[in-house]
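# Structural description and commentary
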Amino acid sequence: MSATDANSGPDYSTVMAIEDIGAAIDWQAEHAEINAAPCTARIVRALKAVLRTDTLTGRRIAGWEGLTLKDAMPLRVAGGLHHLLLSGQDDRLARVYSGQIADQQRVDALVCELVEQFDAQLLPWLDGPPQTNEAGRAASIMGGLLWLAQRTQRKFELFELGASAGVITMLDRYRFTLGETVVGPANSPMHIAPEWKGASPPAATEDFEILSVAGCDLAPIDLSDADSALKLKSYVWPDAPGRMARIDAAIELASNQPPVLTREDAGAFVKWFLAQPQAGSTARVMFHSIMWQYMPESTQAAITAQFEAAGELASSDRPLGWVSLETDPKTFRHELKVRLWDGGDHSGETVLLSHAHPHGAWVEWSGG
């Protein structure tokens, strides 16, 4: 599959279902290239050489039981390799990440050497999906909240699914410049200002307020723990220094006040949260970003059913919202969608507000 195809192909409904591991690795590499990460692309492409090695990691890749792209398998290994450099254990990949070594055969050989040397250490990185929780995606979520605030209550209680380390769970502490719209504390160490295309989202009213934010994850990462924070940074593509700076800003904020995170299955967390009393004149909103694909279909269906049932009881005084930034499997574009239940004629309708770069570099706003 070419880079051109990845941007303009007619149908991507089968991308996540690619079964051939080599083809899936090629697709992931080209996707990295499209998103301005050619060094990461070379590391990912080298996994085709790794799967031919007689290593535990290579054999597990070669016999991968799930769907390679749906499971983000190549990015799991890429994170483990990046960790070798960030932890100071081995600096040989530094010249690959800086672009000094660009020949694919040399990259292949180097990655295979590292896998052979650190085989047992890299193998566990295949046990779970990447935990990036990119802060740049918060720009889309905040845009969705501002859109909701024009149509419902302006005071919000929020909860996030798949919160990972809670990087986006702390969005109430970030400064945002979204086109001409500016919101958030001016003294925040985190300033998120993506390239904005189209009209700006609605400006925040004086009574716009996020009362609380909580998140859940099956394996939350503690940003106050140095080893855990380093693991989170390992999943960031080294071609993107701006993303690394945002992780550092999130670590600074979490060290002062950790995000509120619960170790729990998303379905169980949604059920519990919806059962809590909701104050009047307050909007309750669930949000998530680039995590829906990792959940079993049964969990997706259960959450949707729970939310739609709760939406039937929502009112203008106690509205319910759902904000999601997820990948459209047909186009592989990242879409910001919002649903609002308020007892009105359009209660529960899905509205597409924008498309966005997967790591938040730009947002193309349509406004629904």
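For the structure, check the block above.
The following paragraphs examine the structure supplied in this document. (Residues numbered from 1 in each chain as written. Predicted model: local features only at pLDDT ≥ 70, side-chain atom pairs only at ≥ 80, totals over all residues. Heavy atoms only, no water.)

### Describing the packing of aromatic side chains
Applying the stated criterion across every chain yields a total of 14 aromatic pairs. With 4.5 Å between their ring centres and 75° between their planes, tryptophan 27 and phenylalanine 332 make a pair best called edge-to-face. Remark: phenylalanine 332 occurs in the loop between strand E9 (320-327) and strand E10 (334-341) and tryptophan 27 occurs in helix H2 (residues 21-34); sequence separation between them is 305 residues. Just as tryptophan 27 is buried, phenylalanine 332 falls in that class too. (Phe/Tyr/Trp six-rings, centres within 6.5 Å; stacked < 30°, edge-to-face > 60°. Helix = DSSP H or I, 4+ residues; strand = E, 2+ residues; numbered from the N terminus. Buried < 20%, exposed > 50% of the residue type's maximum accessible area, 1.4 Å probe, protein only.)

### Here's the deal with the pairing of strand E2 (residues 175-178)
Only one face of E2 is covered, namely the face carrying Phe176 and Leu178; the face carrying Arg175 and Thr177 is uncovered. The sheet contact formed by E2 and strand E4 (residues 191-192) spans two bridges and is parallel. Residue pairing across strands places phenylalanine 176 opposite isoleucine 192, the latter belonging to E4. One ladder, built from three bridges, connects E2 with strand E3 (residues 181-183); its direction is antiparallel. (Pairing = 2+ DSSP bridges.)

### Remarks on unusual backbone geometry
Although it is not a glycine, serine 164 sits at a positive phi angle of roughly 55°. Secondary-structure assignment places serine 164 in the loop between strand E1 (155-160) and E2. You will see that phenylalanine 332, though not glycine, has its phi angle at about 60°, which is positive.

### So, the sheet that holds E2
Read from one edge to the other, the open sheet built from three strands follows the order E3-E2-E4, with strand pairing classed as mixed. Each end of this open sheet is capped by a strand with a single partner; those strands are E3 and E4.

### A few points about H2
Here H2 spans 20 Å end to end across 14 residues, near enough to the 20 Å set by a 1.5 Å rise per residue. Within H2, ten of the 14 residues are buried, leaving the element largely enclosed by the surrounding structure. All of the buried residues in H2 are Ile21, Gly22, Ala24, Ile25, Trp27, Gln28, Ala29, Glu30, His31 and Ala32. For H2, the side-chain oxygen to backbone nitrogen distance between the N-cap and glycine 22 is 3.2 Å, and the N-cap itself is aspartate 20. A positive backbone phi angle near 60° is found at alanine 36, which sits one or two residues after H2. (Expected span 1.5 Å × (residues − 1). Polar contact = N/O pair within 3.5 Å; in protein donor to acceptor, adjacent residues only side chain to side chain.)

### Focus on the environment of alanine 120
Structurally, the position occupied by alanine 120 is in helix H9 (residues 119-122). On the accessibility criterion, alanine 120 (61% relative accessible area) is exposed. Sequence separation between alanine 120 and leucine 340 is 220 residues, and the spatial gap between their C-alpha atoms is 48 Å.

### Structural notes on the sheet that holds strand E6 (residues 209-217)
Taken in spatial order, the nine strands make up an open sheet running E5-E12-E11-E10-E9-E8-E1-E6-E7, and their pairing is mixed. Bordering the open sheet on either side are strand E5 (195-197) and strand E7 (261-263), each of which pairs with just one other strand. Between one strand axis and the next, the sheet turns through 20° on average, direction left out of account. The pairing of E1 with E6 spans six bridges and is classified as parallel. Within the sheet, the bridge partner assigned to leucine 158 lies in E6 and is valine 213. Of the strands in this sheet, E1, E6, strand E8 (283-289), E9, E10, strand E11 (350-356) and strand E12 (362-365) touch helix H10 (residues 138-149), which is tilted by about 30° from E10. The strands touched by helix H14 (residues 297-311) within the sheet are E1, E8, E9 and E10, with E9 carrying the most contacts at an inclination of about 150°. (Axes fitted to C-alpha atoms, helices over the stretch in contact; angles between N-to-C directions. Contact = heavy atoms within 4.5 Å.)

### Brief notes about helix H8 (residues 104-117)
The first and last C-alpha atoms of H8 sit 20 Å apart over 14 residues, in line with the 20 Å expected at 1.5 Å per residue. Along H8, the positions that sit buried rather than exposed are Val107, Asp108, Leu110, Val111, Cys112, Leu114 and Val115. On the buried face of H8, the contacting elements are helix H3 (38-45), helix H4 (47-50), helix H5 (56-62), helix H6 (73-86), helix H7 (94-97) and H9. Of the residues that open H8, the one with a side-chain oxygen 3.3 Å from the backbone nitrogen of glutamine 105 is aspartate 103.

### Regarding the nonpolar core
Membership of the largest hydrophobic core comes to 53 residues, with the highest contact counts inside it found for Met142, Leu171, Tyr174 and Leu223. For this core, the leading source of residues is H10, giving nine residues. The contacts of methionine 142, once residues within four sequence positions are left out, are Leu171, Phe176, Leu178, Val183, Phe208 and Ile210. Listed in part, the 34 residues of the second largest apolar core include Val50, Met73, Ala78 and Leu93. (Core = buried A, V, L, I, M, F, W, Y, C linked by side-chain atoms within 4.5 Å.)

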